[in-house]
Amino acid sequence: MKHLLSTTLTLTALASSYAAAEKVATPIPIGIAVAQTSNTALLGQEQVIGARFAEKYINARGGINGTPIKLVFQDTGGDEAGAINAFQNLITKDKVVGIVGPTLSQQAFSADPIADRAKVPVVGPSNTAKGIPQIGNFVARVSAPVSVVAPNAIRTALRLDPKIKKVAVLYAQNDAFSTSETGTFQQTAKDQGLTVSTVQKFLTTDSDFTTQVTAVLNADVDLVIVSGLANDGGNLVKQLRQLGYKGSIIGGNGLNTSNMFPVCQQYCDGIIIAQAYSPAQPSANNQLFVKEYSAQYKKAPPQFAAQAFTGVQVVVDALKVIDRKKKLGEWELADLRVALNTQILVGKYSTPLGAISFDKEGELQQADFYVAQIKMKDAKTGSFVFLK
Ligand code: VAL
C-alpha cells in the first residue's frame, strides 16, 4: 500500500513537471472563443471578422517582434456549456497563451472562472455586464461596462426629443448582461426626471412579444428601452412598430449590429444605440485600422469587430513587451501566461478605441463614447448614423 501510494505520487510529480516544462509554440497561439453558431453568432460573426483582421494586420507588421501569431478559434455557441467547452479546449488542447472571449457576459460568468483557476489570461471583447473584471485576477475586458455606455443613449434620445416624459423598459431576464444593462437604463431614466411607467420582462429565446407590446401600448409612453440580444431584440422592435408604437426606441448593446437588420427590417429605422467605438475616432491607429478594414470589407468597422480587434491587439502588445525582456520561445507556457496577465494589466495601448488601459482589477479605462441611430434605406439595407 505504501509502495503503491509513493508510485502514484511519483507519477503525479512527473506529470506536473512535464506540464511545467512545456514551451510556448510558434507561431504564438492566441485563443478566440466567441459565438460562431446560434443566435449569438449575430454578434459573434463580427467578432470573428475583427479578430481575423487583427491577425492579418498584426502579422503583416511583423507579429510579436518578428514572431507571427496564430489565432485558434473555438466556437462557444450561445450558452454557458459551449463557452466552458471552448475555454477548456483552448487551455488544455490548443495551449494558447491567452483567450479573447467569450461573447456574452452570461457565458463569461461560467467560463472565465475556469481560465482564472488555470491561470490563463482572459480579455473580454464584448462582456459589458457589471462585475466581469471582478470574476478573477486573470480577467480583464476591452468592452466598457453598461454603467458608462448605456446612459449616453438616454441623454441623446432626450436631446432629439426633449418632450419625452414616460418610458417603458423591457429586458431579457435570462441574460446577465440584459439584467445588468436594464438596471443602468432604469436608474438613468429616473435621474433624468423621466417616469418609468412599465417594466416588462422577456426571454432571449422568445419570438412572440404580444404581451409585452400590449403593456407598452397601454402605458402610453414616448420612449421604449430594450435590453436583450440581437434576434429577440430585433423581433421585439418589429412587433412594437407593427402593433402601432410610434415613439422613440433605444436599443442596448445586444442590438448593436447590422446583423439585426434582416430581423426587424424597415422597423429597425430610428433605433438609438450607444456605441463604445466610432470609426471617426481620430487617433492615427484608428484611422489606419479603418482605412485597411474598409478596403477589405467595403464598410466601416462595427463596434463588435473593433473591440475584438482591440482584444487581440492588447494581448499582442503585452507579449511584445515580455518578448523584449526574454524571447517568447524561451518561456514555459505556464509562466508566460502569468507574465502576460501581469503585463496586460499594467500596459497602455493605442487602439481603435483610442488610448486605453486597465485598472488593477482589469476594468477598462476608455475616454470616448458615442451614440448612433439606425437609418434603414429599405427592408434589407441600412446603416448606423453617428449623432453629434
Ligand atoms: N454586451 C453583451 C454582453 O455582455 C452582449 C451584447 C455581447 O453579454
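Model, not experiment: these values are computed from the prediction.

Novice: Sorry, what's going on with the packing of helix α3 (residues 80–93) against helix α4 (residues 105–117) here?
Specialist: Two quantities define a packed helix pair, namely the angle between the helix axes and the distance between the axes. Contact geometry of α3 with α4 gives a least axis separation of 8 Å together with a crossing angle of 30°. Considering their axes alone, α3 and α4 lie roughly parallel with respect to each other. α3 and α4 meet at a crossing whose hand is right-handed. Facing α3, whose interface residues are Glu 80, Ala 83, Ile 84, Phe 87, Gln 88 and Ile 91, α4 presents Gln 106, Gln 107, Ser 110, Ala 111, Asp 112, Ile 114 and Ala 115. Residue classes in the contact of α3 with α4 are distributed as seven nonpolar, four polar and two charged.

Novice: Would you explain the domain arrangement of the protein in this entry?
Specialist: Think of interface size as the accessible area that goes away when the parts come together; that is how it is often given. With domains assigned, the protein is organised as domain 1 (21–144 + 282–365) and domain 2 (148–275). Look at where the C-alpha atoms of domain 1 and domain 2 centre, and you get two points 30 Å apart. Taking both sides of the interface into account, the surface hidden between domain 1 and domain 2 amounts to around 1,400 Å²; carbon and sulfur atoms contribute 52%. Its largest share of buried area at the contact with domain 2, domain 1 owes to Leu 42, Gln 106 and Gln 303, together 35% of the area lost on that side. Counting every contact that joins domain 1 to domain 2 gives zero salt bridges. Applying the counting rule to domain 1 against domain 2 returns eight residue pairs in polar contact (both at pLDDT 80 or more). Elements supplying a minimum of two residues to the side of domain 1 that touches domain 2: α2 (41–60), α4 and α12 (303–325). A total of four residues in the side of domain 1 that touches domain 2 trace back to one element, the largest contributor, which is α2. Grouping the constituent residues of the side of domain 1 that touches domain 2 by class yields seven nonpolar, seven polar and three charged.

Novice: Whenever I open this one, the side chain of Thr 310 confuses me. Can you help?
Specialist: By the secondary structure assignment, Thr 310 is in helix α12. On the basis of relative accessible area, Thr 310 is assigned to the buried category, the value being 0%. A polar atom in the side chain of Thr 310 sits 2.7 Å from the backbone oxygen of Ala 306. In this structure, Thr 310 is in contact with Val 142, Thr 351, Pro 352, Leu 353 and Ile 356, ignoring residues within four places of it in sequence.

Novice: Explain the nonpolar core here, please?
Specialist: Considering soluble globular proteins, one finds that nonpolar side chains tend to be buried as a cluster. Core analysis: the biggest nonpolar cluster contains 66 residues, and Ile 69, Val 97, Ile 250, Val 312, Leu 319, Ile 344 and Phe 358 have the highest contact counts within it. With 10 residues, α12 is the largest single contributor of residues to this core. With 25 residues, the next largest nonpolar core counts Val 213, Val 216, Val 224 and Val 226 among its residues.

Novice: What should I look at first to understand the environment of Pro 352 in this one?
Specialist: For Pro 352, the position within the fold is in the loop between β11 (348–351) and β12 (354–358). Pro 352 sits 42 residues away from Thr 310 along the chain, and the two C-alpha atoms are 6.7 Å apart. Setting aside residues up to four positions removed in sequence, Pro 352 forms contacts with Tyr 277, Gln 281, Asn 286, Phe 289, Phe 309, Thr 310 and Gln 313.

Novice: Can you walk me through the sheet that holds strand β14 (residues 370–376) in this structure?
Specialist: Whenever strands of a sheet pair, they do so through backbone hydrogen bonds, lying parallel or antiparallel. Read across the sheet, seven strands follow the order β7-β6-β8-β9-β10-β14-β15 without closing on themselves; strand pairing throughout is mixed. Either end of the sheet is taken by a strand with one partner, and the two such strands are β7 (195–202) and β15 (382–386). Across this sheet, the average inter-strand angle for adjacent strands is 25°, counted without regard to direction. Here strand β8 (residues 223–227) runs beside strand β9 (residues 248–251); their pairing, made up of four bridges, is parallel. Among the inter-strand pairings, Ile 225 is bridged to a residue of β9, identified as Ile 250.

Novice: Looking at this model, I keep getting lost on the pattern of salt bridges. Mind explaining?
Specialist: Pairs may arise between side chains of opposite charge once their charged atoms sit close together. Scanning all chains against the criterion turns up seven salt bridges. Here Lys 375 and Asp 269 are joined by a salt bridge, their closest N and O atoms 3.4 Å apart. Pair noted here: Lys 375 is in strand β14 and Asp 269 is in the loop between α10 (261–264) and β10 (272–275), with a separation of 106 residues, a long-range link. In this structure Lys 375 comes out as partly exposed when scored by relative accessible area, which is 48%.

What counts, and where the lines are drawn
Residues numbered from 1 in each chain as written. Predicted model: local features only at pLDDT ≥ 70, side-chain atom pairs only at ≥ 80, totals over all residues. Heavy atoms only, no water. Axes fitted to C-alpha atoms, helices over the stretch in contact; angles between N-to-C directions. Helix = DSSP H or I, 4+ residues; strand = E, 2+ residues; numbered from the N terminus. Parallel < 35°, antiparallel > 145°, perpendicular 65-115°, else oblique. Left-handed = near helix turned anticlockwise from the far one by under 90°. Contact = heavy atoms within 4.5 Å. Nonpolar A, V, L, I, M, F, W, Y, C, P; charged D, E, K, R; others polar. Domains from an automatic or database assignment. Buried area = accessible area lost by both parts, 1.4 Å probe. Salt bridge = Lys/Arg side-chain N within 4 Å of Asp/Glu carboxyl O. Polar contact = N/O pair within 3.5 Å; in protein donor to acceptor, adjacent residues only side chain to side chain. Buried < 20%, exposed > 50% of the residue type's maximum accessible area, 1.4 Å probe, protein only. Core = buried A, V, L, I, M, F, W, Y, C linked by side-chain atoms within 4.5 Å. Pairing = 2+ DSSP bridges.

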